[in-house]
Amino acid sequence: MTKNRVGFIGLGLMGAPMAANIARAGYPLTVYNRSADKAHGLSPLGAKVAETPLQIAAQSDVVITMLSDAPAVEQVLRGEEGLLAGGRDGELLIDMSTVSPEQSRSIAIEIESQGWRKLEAPVFGSTGPARDGTLGIMVGGDETLFQEQHELLSVMGQDIFYMGPMGAGTLTKLAFNLMVAAQVASLAEAMALATKGGVDPRQFGDVLVKTAVASALVKRKLGNLVEGDFSAAFPLKHMHKDLGLMIDTGHSIGAPLPATGAIHELFTAATARGRGDQDAIAIYCLLAELAGLTPDTSSPH
Ligand SMILES: NC(=O)c1ccc[n+]([C@@H]2O[C@H](COP(=O)([O-])OP(=O)(O)OC[C@H]3O[C@@H](n4cnc5c(N)ncnc54)[C@H](OP(=O)(O)O)[C@@H]3O)[C@@H](O)[C@H]2O)c1
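Residues numbered from 1 in each chain as written. Predicted model: local features only at pLDDT ≥ 70, side-chain atom pairs only at ≥ 80, totals over all residues. Heavy atoms only, no water.

A.B. asks: Please explain the overall build of the protein as it appears in this structure.
C.D. replies: Each helix and strand in the protein was counted, giving 15 helices and 9 strands. Relative to a compact globule of 301 residues, whose C-alpha radius of gyration would be 19 Å, the protein shows 20 Å and is just as compact. Long-range pairs, those at least 24 residues apart, make up 67% of the contacts in the protein with a sequence separation of at least 6. By element, 55% of the accessible surface of the protein is carried by carbon and sulfur atoms, the whole surface being about 13,600 Å². Across the protein, 23 positive and 32 negative side-chain charges occur, with their mean positions spaced 5 Å apart. (Helix = DSSP H or I, 4+ residues; strand = E, 2+ residues; numbered from the N terminus. Rg over C-alpha atoms; globule rule 2.2 N^0.38 Å. Contact = heavy atoms within 4.5 Å. Areas by Shrake-Rupley, 256 points an atom, 1.4 Å probe, with all protein chains shown as cover. Lys, Arg positive; Asp, Glu negative; His and termini not counted. Charge placed at Lys NZ, Arg CZ, Asp CG, Glu CD.)

Listed below in structure tokens is the structure:
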């Protein structure tokens, strides 16, 4: 069977390896990225490079977006060179960015009024699973459409779930990320407490990995923390964005999130201190500063 032509927009930390897997799976692929240099990295895999989202719309049957946030998605949709200026009736957008359920539904309403169809398909797993094609994908939207796109989604993900109507996938994603934020923040606080109190950070880590609280996430972030590696796998600015979306969503549906509120403030402070492009575990650096740890003693490695 002929494979759909895929357009991929957003070749950041996650999008670039996801698009590479689509090219390797033999889909005719056209890519676009705001900063064009990242798009050319996909050419050796046979991807065509578009200069505008409009060109992506014209050359694709299915368009995937993997962008920072909802304003970025709206930006590629709108304008003379935007996606919505091109495309055919029934063309499909699969938005894999993490946005709120409200934002996802609002984008769906906008594009469906222009004849497009939409699925939301946010992911769990970071850059490693994006590279290996083993992401978790939580889909919201029409179920038949989801079934039609299962093969394409399987190229990027291993665990693929249909969650319900538009908004159900993004809500599930935000609820999981709430737990990710809490684990990252509690690991950072625990390490700051131990370090400030004079416990050897490596020994603290060696004990922590033997305990029941050491999830796969905690183990991975602990390794980065002990090595002092704060390079972004999941940028702190995106965790900050997601925490804001959780709070807004909680407010709008009447679900209080008191612990998440406190963690959100912590990430607001770390972002304001210029740590947005570091990994989320760089929240430790802020806590170390607040604890009065000197540069010599703040780094646990
Ligand atoms: N990293 C993770 O571990 C992870 C895991 C699960 C989900 N997510 C979610 O996946 C999405 C992408 O994450 P990422 O880590 O790949 O982010 P990233 O590396 O920061 O990449 C963001 C992408 O969005 C583009 N972009 C941002 N603003 C734009 C605008 N106004 N117009 C056009 N393009 C714009 C960027 O283009 P430029 O290159 O030009 O800046 C880049 O291609 C986010 O929603 C994030 O929350 C990330």
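A.B. asks: I'm lost on the site of the ligand in this one. Help?
C.D. replies: Around the ligand there are 27 residues in total, and Asn33, Ser35, Lys38, Ser126 and Ala233 lie nearest to it. A distance of 3.4 Å separates an oxygen atom of the ligand from a polar atom in the backbone of Gly12. Contact between the ligand and Met14: an oxygen atom at 2.8 Å from a main-chain N or O atom of the residue. When the free accessible area of the ligand is taken as 900 Å², the share hidden by the protein chains comes to 90%. Considered class by class, the residues forming the shell around the ligand number 11 nonpolar, 11 polar and 5 charged. (Near = heavy atom within 4 Å. Polar contact = N/O pair within 3.5 Å; in protein donor to acceptor, adjacent residues only side chain to side chain. Nonpolar A, V, L, I, M, F, W, Y, C, P; charged D, E, K, R; others polar.)

A.B. asks: Sorry if this is basic, but what is going on with the environment of Gly133 here?
C.D. replies: Structurally, Gly133 can be placed in the loop between helix H6 (127-132) and strand E8 (135-140). The spatial distance from the C-alpha of Gly133 to the C-alpha of Leu29 is 17 Å, given a sequence separation of 104 residues. Residues in contact with Gly133, not counting those within four places in the same chain, are Asn21, Val155, Met156, Gly157 and Gln158.

A.B. asks: Which parts of the structure should I look at to understand helix H10 (residues 201-208)?
C.D. replies: An α-helical segment advances 3.6 residues per turn. Residues three or four places apart therefore align on the same side. Of the residues making up H10, those classed as buried are Pro201, Gly205 and Leu208. Viewed end-on, H10 has its buried residues packed into an arc of 60 degrees, placing them on one side of the element. In H10, the exposed positions angled more than 90 degrees off the buried face are occupied by Gln203, Asp206 and Val207. (Buried < 20%, exposed > 50% of the residue type's maximum accessible area, 1.4 Å probe, protein only. Arc of directions from axis to C-beta.)

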